[in-house]
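A look at the structure
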Amino acid sequence: MSAKDAPPPLPEPLPVPVADSHTHLDMQSGTVEEALVKAAAVGVTTVVQVGCDLKGSQWAAETAAAYEHVHAAVALHPNEAPRIVLGDPDGWSRQGAREAGGDAALDDALAEIERLAALPQVLAVGETGLDFFRTGPEGMAAQERSFRAHIEIAKRQGKTLVIHDREAHADVLRILDEEGAPERTVFHCYSGDADMAAICAAKGYYMSFAGNVTFKNAQPLRDALAVAPLELVLVETDAPFLTPAPYRGRPNAPYLIPVTVRAMAAVRGIGEEEMAGAIAVNTARAFDY
């Protein structure tokens, strides 16, 4: 194993236990048990396991049913919707190459997401939203239709909405306004600037910060964190992605949350205990557990 593939060391435990508000255990190496034990050892005692497609959402629901401190979120990722409708000839996603299924296939997939969303261990519908980074103009209609449907599912089932917003800030905010956002809405891996943070704050949207808030080039993210109301701030890994500095590029996992929490406390000019305490309360409120 090269140094780049080696898991980073365990950080010092946090003084107050917190939750990882967004992780993908099914994409990480090792077992769920191993991930949870390592995380708990440093004060990360709860995780929200997030589905990105039908198989991943089913797995999230099953895993949350099996582990008391794992909660599930279920959805079709914004990039998944066009693959269902238009097909995925390159097999870029985990399903491999797929034929175009059209709107009927998307409707079938959304019906299964709604079935899963009704389960008690599923606390959120997400990650859904818009991603203009990886999906070209031909996929926009499918993405938007899927996003609007997920908003409706979250409201019908009384669940939190978890937003994936990549290079699509204005359109995501517009669609939330048009549809009417659920009572609890979380911007996962918040990627807006301070101006957008003010808009989210006014609407009561939670902003979840990931390891990229530690990256050298991420000053706009730190500016957003500095102005976001403390009671609307969450933390996440989005593991195995977005490993915080100084471990950028190595595999991420829930046990690395303390690195990001300490960086966030420094940005806010508060102690790590105050930061962790706020995050713990906020996450329980955001996901209603």
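Residues numbered from 1 in each chain as written. Predicted model: local features only at pLDDT ≥ 70, side-chain atom pairs only at ≥ 80, totals over all residues. Heavy atoms only, no water.

1. What about the packing of aromatic side chains?
Taken as a whole and assessed by the stated rule, the structure comprises two aromatic pairs. Look at Phe187 and Tyr205: their rings are 5.7 Å apart centre to centre, the planes differ by 35°, and that puts the pair in the tilted class. In this pair, Phe187 sits in strand S6 (residues 185–187) while Tyr205 sits in the loop between helix H7 (194–203) and strand S7 (206–209), placing the two residues 18 residues apart along the sequence. Residues Phe187 and Tyr205 agree in their burial class; the two are buried. Centroid distance Tyr190 to Phe209: 5.5 Å. Interplanar angle 50°. Geometry classified as tilted. (Phe/Tyr/Trp six-rings, centres within 6.5 Å; stacked < 30°, edge-to-face > 60°. Helix = DSSP H or I, 4+ residues; strand = E, 2+ residues; numbered from the N terminus. Buried < 20%, exposed > 50% of the residue type's maximum accessible area, 1.4 Å probe, protein only.)

2. Thoughts on the sheet that holds strand S5 (residues 160–166)
Judged by pairing direction, the sheet is parallel, and its eight strands sit side by side in the order S1-S2-S3-S4-S5-S6-S7-S8 without closing on themselves. Lying at the two open borders of the sheet, with one neighbouring strand each, are strand S1 (18–23) and strand S8 (233–235). The mean angle between the axes of side-by-side strands here comes to 30°, regardless of whether they run parallel or antiparallel. Seen against the sheet, helix H9 (residues 257–268) touches S1, strand S2 (44–50), S7 and S8 and runs at an angle of roughly 150° to S8. (Pairing = 2+ DSSP bridges. Axes fitted to C-alpha atoms, helices over the stretch in contact; angles between N-to-C directions. Contact = heavy atoms within 4.5 Å.)

3. A look at the pattern of salt bridges
On inspection of all chains with the given rule, the structure shows 16 salt bridges. A salt bridge links Glu178 to Arg148; its shortest N-O distance comes to 2.6 Å. Placement of Glu178 in helix H6 (residues 169–179) and of Arg148 in helix H5 (residues 140–157) is noted, with a sequence separation of 30 residues between them. A relative accessible area of 48% means that Glu178 is categorised as partly exposed. Between Arg184 and Glu183 there is a salt bridge whose closest N-O contact spans 4.0 Å. Among the residues examined, Arg184 registers a relative accessible area of 12% and is labelled buried. Bridged by salt links that share partners, the residues Glu144, Arg148, Asp171, Arg174, Glu178 and Glu179 form one connected network. (Salt bridge = Lys/Arg side-chain N within 4 Å of Asp/Glu carboxyl O.)

4. Some words on helix H2 (residues 54–66)
Between the first and last C-alpha of H2 there are 19 Å, a value that for 13 residues agrees with the 18 Å anticipated at 1.5 Å per step. The complete set of buried residues in H2 reads Gly56, Ser57, Ala60, Ala61, Thr63 and Ala64. Angularly, the buried residues of H2 cover 165° about the axis, an arc narrow enough to put them on a single face. Away from its buried face, by an angle of more than 90 degrees, H2 presents the exposed residues Lys55, Glu62, Ala65 and Ala66. (Expected span 1.5 Å × (residues − 1). Arc of directions from axis to C-beta.)

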